Amino acid sequence: MRIFILALLTVLCVACQQKPAPADRLQLLFHHPAQAWEETIPLGNGRIGMMPDGGIHQENIVLNDITLWSGGPQQADNPEAYKSVGQIQSLLLEGKNDEAEMLVNKNFVCIGRGSGFGNGANDPYGCFQLLGNLTVDFKFPSGLQPDQYERSLDLETATAKTVFSLDGVQYTRTYFTSFGDDVGVIKYSTDGDLLPELKISMNRPEHATIHTEGDELILTGQLPDGTGENGMKFESRVKVKLSGGKLNIIGNELVISGAKEVLMYVATGTDFRENNYTDGNRRLLDKALATGFEEQKNKHIHSYQSLFSRVSVKIGKSNDRDTLSTPARLSGFFNDPARDPAMAVLYYQYGRYLSISSTRPGLLPPNLQGLWAHRIQTPWNGDYHLNINAQMNHWALEAGNLSELHKPFIEMIKTLAESGKETARAYYNAPGWVVYMLTNIWGYSSPGEQASWGASTASGWLCNHLWEHYQFTQDTAYLKEIYPVLQEAARFYQHTMIREPEHGWLVTAPSVSPENAFIMANGKRANVVMGPTIDNQIVRELYNNVLEAARITGIKDSFQDTLRQHINQLPPPVVVGEDGRVMEWLKPYEEAEPRHRHISHLYGLYPAPFISPVTTPEWAAAAKKTLEMRGDEGTGWSKAWKILFWARLQDGNHALELFRQLLKPVADTSINMSGGGGTYPNLFCAHPPFQIDGNFGGAAGIGEMLLQSHAGFIHLLPALPDSWGEGEVKGMKARGNYTVDFTWKDGKVTDYKITGKAGQKVKLLVNGKPEEKQL
Ligand code: FUC
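These numbers were taken from a predicted model, which means no experiment stands behind them. (Residues numbered from 1 in each chain as written. Predicted model: local features only at pLDDT ≥ 70, side-chain atom pairs only at ≥ 80, totals over all residues. Heavy atoms only, no water.)

Trainee: How do you make sense of the pattern of salt bridges when you look at a structure like this?
Mentor: Pairing is possible between side chains of opposite charge, provided their charged atoms come close. Tallied over the full model, the rule gives 41 salt bridges. Among the salt bridges present, the one from R564 reaches D561, with a minimum N-O distance of 2.8 Å. Of the two residues, R564 and D561 both sit in helix α14 (residues 558–567), three residues apart, roughly one turn of that helix. On the basis of relative accessibility, which here comes to 41%, the residue R564 falls in the partly exposed class. By relative accessible area, D561 is classed as partly exposed at 42%. One salt bridge in this structure joins E591 and R581, with 3.1 Å as the shortest N-O distance. Of this pair, E591 sits in strand β24 (residues 590–591) while R581 sits in the loop between α14 and β24; the two residues are ten residues apart in sequence, bridging distant segments of the chain. (Salt bridge = Lys/Arg side-chain N within 4 Å of Asp/Glu carboxyl O. Helix = DSSP H or I, 4+ residues; strand = E, 2+ residues; numbered from the N terminus. Buried < 20%, exposed > 50% of the residue type's maximum accessible area, 1.4 Å probe, protein only.)

Structure, rendered in structure tokens:
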């Protein structure tokens, strides 16, 4: 008998060895309930967010709605500001940056409370905040410990599960935020006889009441608008469907006993662009309840996969690391990245998952936390910071074949181009539009409260997004539509720039190189300058793009002639300093923080295409030196940006090293402005605190290591690390609206396919050789 079993096992083993290796699992996995919010699983359908913690006796699910903001529209432009701009510029021309900065702080910042210094929940600026908590108590006998426990998120289906056994009985919870029916769906089931009694309740720390209506549980409230009046109204409704058992309403709780299975549906709504949100919620619930669970789940998966499955990536082997719990896999990767090259695939696809989950066409772009927040006062108001963060949130989309998810940001930019006209008039008495470094869903376009961080303009950088969307889609109707937005952004800069005396260049003033300070000859610290390098690069890029858009669309305007003249009077995109680095400012100031997290003067390396090891090798060498001196440490998003920089410098091993550092396991959730960046157990990026930009920037970085297309040709494997010897990409996008598939082995491309409009000629760089393909 023993021999027979051994023989059978051997046969089975041989059989399993012969089966094709299963694809690496794209999953998050935990073997215990979440102890902190940063261990819970993020679910979202672009509007509704749910984060279940998988608690056994009590489960908490944090609910979000991406539109839920306190505050409201405010007039924060200082209408008198333009009267000071001449004097500020004169002080800068005289080299009195500290005095200029004082004047900016006095007259050239916003009026009122601005963004409330990042704590604007009760100010007019407002804050993105949690909708509420949905809590379910299970009446299991106390003291029971699970025999097994698994909590997981499947990225292929956007579905989460908690499975555990108590006393030999298995309990399963399935959760998804339906892309089909726009509700949250949670199923509690068991392979035993019945579920224990369960009590469903809701709560919110403030500004909400809970009640029941018939058999529905409702959380409803109104947030402050920051002026003493009431602001946004909101509601969440929960309804259940039982298999067996009965539902009792006791107080403000739904109590279910004797059920074999419970289906729970969650609708959320706010009055942001929607007065009838209560009826809307009722309709959503009725429709969802009328659909069978399996059908609903299939609809959800189908709709999600129509986006997610466009791209597949394989890198090396996971060596079974994909079966580890996520925290174990994370620390394993941090210690030995070569052992788990497929971690990059998980991170890349998780980035795409988070994009699909946190935004949708017609609604809002992902904010600093995507659409997930568990507090009232979300750090930095959970807003849209525009000096790196909101931009980074969109960097992985186009190449990741999720172009339509760029649209909500593009729509937001178009709205800002309207409110920003007033800001241009107030601060410079200038035509065109300008937006400063942060915004909210209410169209805020004024400078921040303080020059050091609040005085950089973002309108030029935002235009990079309008342009990139065109580059990837080649949609000329869209280009015509956005042409006036580009043109009016350029008009603002053209009208307001001054001539710096040393070279006669046209430069912005006043401005800052995002958040970095320098030490003046008099020993004082200042931020305010004229012509920081990032502005010089952005303005040049914008002028180029306006002229190129004019050429493509055939739009003609005398303003284009002005731009043609002015473009030659801008500073070059890169000036290399005596120390061999890219200069951050026009003058070789001593940096106050030489390892500062922002590396804004390398905007020309990424996202803009000015610095390239192929076309501008001296500048690339200066960029490399800049990065070496800044160091690899930083906040989460700073490390992500550095992955992109090293990828553009075609140094795959260094890019991978930054990716490793981005995945440093982190538990700390308090604000750390310098060296704390890494990753939480649920793979949310740690600034710290949680900030989603690093997730999206990291995903973009991996994409950029595999495929680049910014230099007029498609470059396959431009920055392949040694440990990513073999792999496969399917469905990524390149500029020119090409779809790109390829495989590689031993670090060399073995096969590729480019799909695009028939008849087009495509230039490529493959295994170091230029090629040209006719489609
Ligand atoms: C910018 C960064 C900070 C942080 C904040 C939300 O101001 O400098 O590091 O990411 O945005």
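Trainee: Teacher, can you tell me more about empty space enclosed by the protein here?
Mentor: Tallying each qualifying case throughout the model produces eight cavities of 30 Å³ or more. Here the largest cavity is characterised by a volume of approximately 280 Å³. For the largest cavity, the lining is made up of 26 residues, of which W395, F472, Y606, E704 and R735 are closest to its centre. Breaking the lining of the largest cavity down by element, the ones donating at least two residues are α11 (459–473), α18 (693–706), β27 (707–708) and β29 (727–734). Classifying every residue of the lining of the largest cavity gives twelve nonpolar, eight polar and six charged. The computed volume of the second largest cavity comes to approximately 80 Å³. (1 Å grid on protein atoms, 1.4 Å probe; cavity = no way out; pocket = protein on both sides within 12 Å on 5 of 7 lines; lining within 4 Å. Points joined across faces, edges and corners; volume = space filled by probe spheres on them. Nonpolar A, V, L, I, M, F, W, Y, C, P; charged D, E, K, R; others polar.)

Trainee: Sorry, what's going on with the sheet that holds strand β32 (residues 761–766) here?
Mentor: Two orientations exist for strands paired in a sheet by backbone hydrogen bonds: parallel and antiparallel. Spatially, β27-β28-β32-β33 is the arrangement adopted by the four strands of the open sheet, whose pairing is mixed. Each having just a single partner strand, β27 and β33 (769–774) make up the two edges of the open sheet. Two strands pair when backbone bridges link them, and β32 and β33 are joined in this way by six bridges, in the antiparallel orientation. The residue bridging L765 from the neighbouring strand is P770, located in β33. (Pairing = 2+ DSSP bridges.)

Trainee: Quick question: what am I supposed to make of helix α13 (residues 533–553) here?
Mentor: Since the α-helix packs 3.6 residues into each turn, any two residues three or four apart lie on the same face. Taking 1.5 Å per residue as the helical rise, α13 with its 21 residues ought to reach 30 Å, and the 30 Å between its terminal C-alpha atoms agrees with that figure. The buried fraction of α13 amounts to 17 of the 21 residues, a majority that puts the element mostly inside the structure. (Expected span 1.5 Å × (residues − 1).)

Trainee: How should the site of the ligand be read in this particular structure?
Mentor: All residues in the neighbourhood of the ligand are listed as L368, W380, H385, N387, N389, E515, R597, H598, W637, M673, H687 and Q691. Residue N389 places a side-chain N or O atom 3.1 Å away from an oxygen atom belonging to the ligand. Within the side chain of E515, a nitrogen or oxygen atom sits 2.4 Å from an oxygen atom of the ligand. Its free accessible area being 290 Å², the ligand has 98% of it covered by the protein chains. (Near = heavy atom within 4 Å. Polar contact = N/O pair within 3.5 Å; in protein donor to acceptor, adjacent residues only side chain to side chain. Areas by Shrake-Rupley, 256 points an atom, 1.4 Å probe, with all protein chains shown as cover.)

Trainee: Can you help me understand the environment of L92 in this one?
Mentor: Residue position: L92 is located in helix α2 (residues 82–93). Judged by relative accessible area, L92 falls into the buried class, the value being 3%.

Trainee: Got a minute to help me understand the packing of aromatic side chains in this structure?
Mentor: Ring pairs (aromatic) are described by centroid distance and by the angle formed between their planes. For the coordinates displayed, the defined rule picks out 37 aromatic pairs. Where W372 meets F684, the ring centres are 5.9 Å apart and the plane angle is 45°; that geometry is what we call tilted. Of this pair, W372 sits in the loop between α7 (343–358) and β18 (384–385) while F684 is found in the loop between β25 (678–679) and β26 (685–686), placing the two residues 312 residues apart along the sequence. A relative accessible area of 0% means that F684 is categorised as buried. Each member of the aromatic cluster is reached from another via a ring pair, and the members are W395, W461, Y603, Y606, W637, W641 and F645. Directly above the aromatic system of F30 lies the positively charged group of R151, at a separation of 4.3 Å from the ring centroid. (Phe/Tyr/Trp six-rings, centres within 6.5 Å; stacked < 30°, edge-to-face > 60°. Lys NZ or Arg CZ within 6 Å of the ring centre and 35° of its normal.)

Trainee: Please explain the sheet that holds strand β13 (residues 230–243) as it appears in this structure.
Mentor: Strand order in the open sheet formed by nine strands is β1-β6-β7-β8-β9-β16-β13-β12-β11, with antiparallel pairing between adjacent strands. Edge positions in the sheet fall to β1 (27–30) and β11 (208–213), since each has one partner strand and no second. Direction aside, the axes of adjacent strands within the sheet are offset by 15° on average. Along the sheet face, helix α5 (residues 293–308) touches β7 (159–166), β8 (169–177), β9 (184–190) and β16 (261–270) and points at about 50° away from the line of β8. (Axes fitted to C-alpha atoms, helices over the stretch in contact; angles between N-to-C directions. Contact = heavy atoms within 4.5 Å.)

Trainee: Sorry if this is basic, but what is going on with the layout of surface pockets here?
Mentor: If you roll a probe as big as a water molecule over the atoms, it shows you where there is empty space left. Size it by volume and the second largest pocket reaches roughly 610 Å³. The wall of the second largest pocket is formed by 28 residues, among which Q471, S709, H710, G712 and R735 lie closest to the centre. Looking at side-chain class alone, the lining of the second largest pocket contains twelve nonpolar, nine polar and seven charged residues.

Trainee: Hey, could you run me through the packing of α11 against α13 in this one?
Mentor: Packed helix pairs are characterised by how far apart their axes lie and by the angle those axes make with each other. Packing of α11 against α13 brings their axes to within 9 Å, and their N-to-C directions diverge by 40°. Relative to α13, the element α11 lies oblique. The crossing of α11 and α13 is left-handed. In contact with G460, W461, C463, N464, W467 and Y470 of α11, α13 contributes I534, I538, E541, L542, N545, E548, A549 and I552. (Parallel < 35°, antiparallel > 145°, perpendicular 65-115°, else oblique. Left-handed = near helix turned anticlockwise from the far one by under 90°.)

Note that every value here comes from positions in space, so none of it alone points to a role or purpose.
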